[in-house]
Amino acid sequence: MVPNFNHTIRSAADAQKIVKALRARRDGTTPILAVITRNDVLGEQHFQICDHVLDVLSALFNISGCDLRSNSRCEQAVARVRQIGMYVVHVTLGMSMTQVGRVFGRDRSTVAHACHLIEDMREDTDFDRIVHMVETVIRAAFAQSGRVRR
């Protein structure tokens, strides 16, 4: 599970260019969001944030955005990347586990399990390096939004 990188992201501008390019090539999947309605402004913001995070994860790990957005069970590699996404959104962007669960189409307890699992797996230095890289990209991509935890 090594990220597919052709270059190093060195600034927020680099990360924002990547996010912009990812939006342009998104595979047109249907959002996994069924719980949050369009008139729920706060929910819509959370959905958009997580949608962008899923786009970044899709590119970094070379996994289909459709697979990451699926509500059903999937291969372990896809599930692990989704768990990393839940962890990063909760820890780095400060969304509650309930909010993350609603947007990812999962229960709060599933998000809690994912966060605990990823935290335990970070004891492995290679895995920790991967998660740290994802956190760095997400921090850079969302630096201007004011959502990033310090």
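Asker: Outline the pattern of salt bridges, supporting the account with residue identities and numerical values.
Answerer: Oppositely charged side chains can pair when the atoms bearing their charge come close. One pass over the structure, following the stated rule, counts 5 salt bridges. Note that D55 is salt-bridged to R69, the shortest N-O span being 2.6 Å. You can see D55 sitting in helix α2 (residues 41–61) and its partner R69 sitting in helix α3 (residues 65–69), a full 14 residues away along the chain. For the salt bridge of E135 with R122, the shortest nitrogen-to-oxygen distance reads 3.1 Å. On the criterion of sequence distance, the pair formed by E135 in helix α7 (residues 125–141) and R122 in the loop between α6 (108–121) and α7 is long-range, its members being 13 residues apart. R122 carries the same exposure label as E135, and that label is buried.

Asker: So what's going on with the packing of helix α4 (residues 76–93) against α7? Which residues, and what values?
Answerer: Look at α4 against α7: their axes get within 10 Å of each other, and the N-to-C directions meet at 55 degrees. Taken together, the axes of α4 and α7 are oblique relative to one another. Crossing of α4 against α7: the hand is right-handed. Contacts from R80, I84, Y87, V88, V91, T92 and L93 of α4 reach α7 at F127, V131, V134, E135, I138 and R139. Each residue belonging to the contact of α4 with α7 can be placed in one class, and the counts come to 9 nonpolar, 1 polar and 3 charged.

Asker: Requested: an account of the side chain of R122, with residues and values cited.
Answerer: Under the relative-accessibility criterion, R122 is labelled buried at 16%. Here the side chain of R122 touches E135 through a polar contact of 3.1 Å, side chain to side chain. Setting aside its immediate chain neighbours within four residues, R122 contacts Y87, F127, D128, V131, H132 and E135.

Asker: Could you give an account of the confidence of the model for the protein chain, naming the residues involved and the relevant values?
Answerer: Taken as a whole, the protein chain shows an average pLDDT of 77; of its residues, 67% reach a score of 70 or greater. Within the protein chain, no element has a lower average pLDDT than helix α1 (residues 12–25), which sits at 60, and none a higher one than α6, at 95. The low-confidence segment residues 1–7, where pLDDT is below 50, has 17 contacts with residues more than four positions distant or belonging to other chains.

Asker: Could you give me a rundown of the packing of α4 against helix α5 (residues 97–104), with the residues and numbers involved?
Answerer: Two elements in contact, α4 and α5, have axes whose closest approach is 9 Å; the angle formed by their N-to-C orientations is 140 degrees. In terms of orientation, α4 lies oblique with respect to α5. Of the two elements, α4 crosses α5, and the hand of that crossing is right-handed. On α5, the residues touching R82, G85, M86, V89 and H90 of α4 are M97, V100 and F104.

Asker: Kindly report on α6, identifying the contributing residues and their values.
Answerer: Given 3.6 residues per turn, any residue in an α-helix points the same way as the ones three and four places further on. Given a rise of 1.5 Å per residue, 14 residues ought to cover 20 Å, and the 20 Å separating the end C-alpha atoms of α6 matches this to within 8%. Every buried residue of α6 is accounted for by V111, A112, A114, C115 and I118. The buried residues of α6 occupy one face: seen down the axis, they fall within an arc of 160 degrees. With respect to the buried face of α6, the exposed residues turned more than 90 degrees away are H116 and D120. Contacts from the buried residues of α6 go to α4, α5 and α7.

About the cut-offs
- Residues numbered from 1 in each chain as written.
- Predicted model: local features only at pLDDT ≥ 70, side-chain atom pairs only at ≥ 80, totals over all residues.
- Heavy atoms only, no water.
- Salt bridge = Lys/Arg side-chain N within 4 Å of Asp/Glu carboxyl O.
- Helix = DSSP H or I, 4+ residues; strand = E, 2+ residues; numbered from the N terminus.
- Buried < 20%, exposed > 50% of the residue type's maximum accessible area, 1.4 Å probe, protein only.
- Axes fitted to C-alpha atoms, helices over the stretch in contact; angles between N-to-C directions.
- Parallel < 35°, antiparallel > 145°, perpendicular 65-115°, else oblique.
- Left-handed = near helix turned anticlockwise from the far one by under 90°.
- Contact = heavy atoms within 4.5 Å.
- Nonpolar A, V, L, I, M, F, W, Y, C, P; charged D, E, K, R; others polar.
- Polar contact = N/O pair within 3.5 Å; in protein donor to acceptor, adjacent residues only side chain to side chain.
- pLDDT = per-residue confidence, 0-100.
- Expected span 1.5 Å × (residues − 1).
- Arc of directions from axis to C-beta.

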